[in-house]
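Residue-level listing of the chains:
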Amino acid sequence: QVELVESGGGLVQAGGSLRLSCAASGGTFSSAAMGWFRQAPGKGREFVAIISRNGGYKYYPDYVKGRFTISRDNAKNTVYLQMNSLKPEDTAVYYCAARWDDGRYYPPWNLLDFDSWGQGTQVTVSS
């Protein structure tokens, strides 16, 4: 399993931007599809984005599409989540996740599709 460490969370005003990073170690990062999930207080963990091992496939749910962008740098074993036009409802703990890239490139994506998880980073958007 790959070890994942998120960073870049913080407090931002509505309409602002943040970029999250997730550094991977201990596994073959370039063979893994990477995802981001989030969990708001009192709610379940929900899918935010996924990127294939070579970056050719990306998918976002409607509630972040057009505002969030996932990217990766395989040379640095890092995946990113650029979040723009943030809203108070984006407030959550954001988690990075990894799965073996088996060539499946279609939704839906849920928790059970991923094997490794980071500890999360808090994102708070004030109104």
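For clarity, every value in this text was computed on a predicted model and none was experimentally measured.

Caption draft 1: Representation of the overall build of the protein chain in the model. Secondary structure summary: the protein chain contains zero helices and 11 strands in total. Start at the N end of the protein chain and walk to the C end: the helices and strands fall as β-β-β-β-β-β-β-β-β-β-β. In the protein chain, 59% of the contacts between residues at least 6 apart in sequence involve partners at least 24 apart. By element, 48% of the accessible surface of the protein chain is carried by carbon and sulfur atoms, the whole surface being about 6400 Å². Computed over 13 positive and 11 negative side-chain charges, the separation of the two mean positions in the protein chain equals 4 Å.

Caption draft 2: Molecular detail of the pattern of salt bridges. Under the criterion given, the structure shown has six salt bridges. Note that Glu46 and Arg38 form a salt bridge whose closest N and O atoms lie 2.6 Å from each other. Overall, the relative accessible area of 30% leaves Glu46 in the partly exposed class. The class for Arg38 is buried, based on a relative accessible area of 6%. Each member of the salt-bridge network shares a partner with another, and the members are Arg38, Glu46, Arg67 and Asp90.

Caption draft 3: The side chain of Thr121, seen in detail. Position of Thr121 relative to the elements: it lies in strand S11 (residues 121-126). Not counting chain neighbours up to four residues away, the residues in contact with Thr121 comprise Glu6, Ser7, Gly8, Gly9, Leu20, Ala92, Val93 and Tyr94.

Caption draft 4: Local environment of the environment of Arg104. Mapped onto the fold, Arg104 is located in the loop between strand S9 (92-100) and strand S10 (116-117). Take Arg104: its relative accessible area is 16%, and that puts it in the buried class. Remark: the alpha-carbon pair of Arg104 and Tyr63, spanning 41 residues in sequence, is separated by 22 Å. When neighbours within four sequence positions are excluded, Arg104 is seen to be in contact with Arg99, Trp109 and Asp113.

Caption draft 5: Region of interest: the packing of aromatic side chains. Under the criterion given, the structure shown has seven aromatic pairs. For the ring pair Phe37 and Phe114, a centre distance of 5.2 Å and an interplane angle of 85° mean the geometry is edge-to-face. In this pair, Phe37 is assigned in strand S4 (residues 32-39) and Phe114 in the loop between S9 and S10, connecting sequence segments 77 residues apart. The same class applies to Phe37 and to Phe114, which are both buried. Ring pairs connect the aromatic residues Phe37, Phe47, Tyr59, Phe114 and Trp117, which therefore count as one cluster. Here the guanidinium or amino end of Arg45 rests over the ring plane of Tyr95, the centre of that ring lying 3.6 Å away. A cation over an aromatic ring shows up here: Arg45 above the ring of Trp117, its NZ or CZ 5.1 Å from the ring centre.

Caption draft 6: Representation of the state of the cysteines within the structure. Scanning the model with the defined rule gives one disulfide in all. Cys22 shares a disulfide with Cys96; S-S distance 2.1 Å. Its S-S torsion of about -80° marks the bond between Cys22 and Cys96 as left-handed, since a negative value means left-handed. Taken together, the residues span a long stretch of sequence, with Cys22 in strand S3 (residues 18-25) and Cys96 in strand S9 at a distance of 74 residues. Like Cys22, the residue Cys96 is buried in the burial classification.

Calculation criteria
- Residues numbered from 1 in each chain as written.
- Predicted model: local features only at pLDDT ≥ 70, side-chain atom pairs only at ≥ 80, totals over all residues.
- Heavy atoms only, no water.
- Helix = DSSP H or I, 4+ residues; strand = E, 2+ residues; numbered from the N terminus.
- Contact = heavy atoms within 4.5 Å.
- Areas by Shrake-Rupley, 256 points an atom, 1.4 Å probe, with all protein chains shown as cover.
- Lys, Arg positive; Asp, Glu negative; His and termini not counted.
- Charge placed at Lys NZ, Arg CZ, Asp CG, Glu CD.
- Salt bridge = Lys/Arg side-chain N within 4 Å of Asp/Glu carboxyl O.
- Buried < 20%, exposed > 50% of the residue type's maximum accessible area, 1.4 Å probe, protein only.
- Phe/Tyr/Trp six-rings, centres within 6.5 Å; stacked < 30°, edge-to-face > 60°.
- Lys NZ or Arg CZ within 6 Å of the ring centre and 35° of its normal.
- Disulfide = S-S within 2.5 Å.

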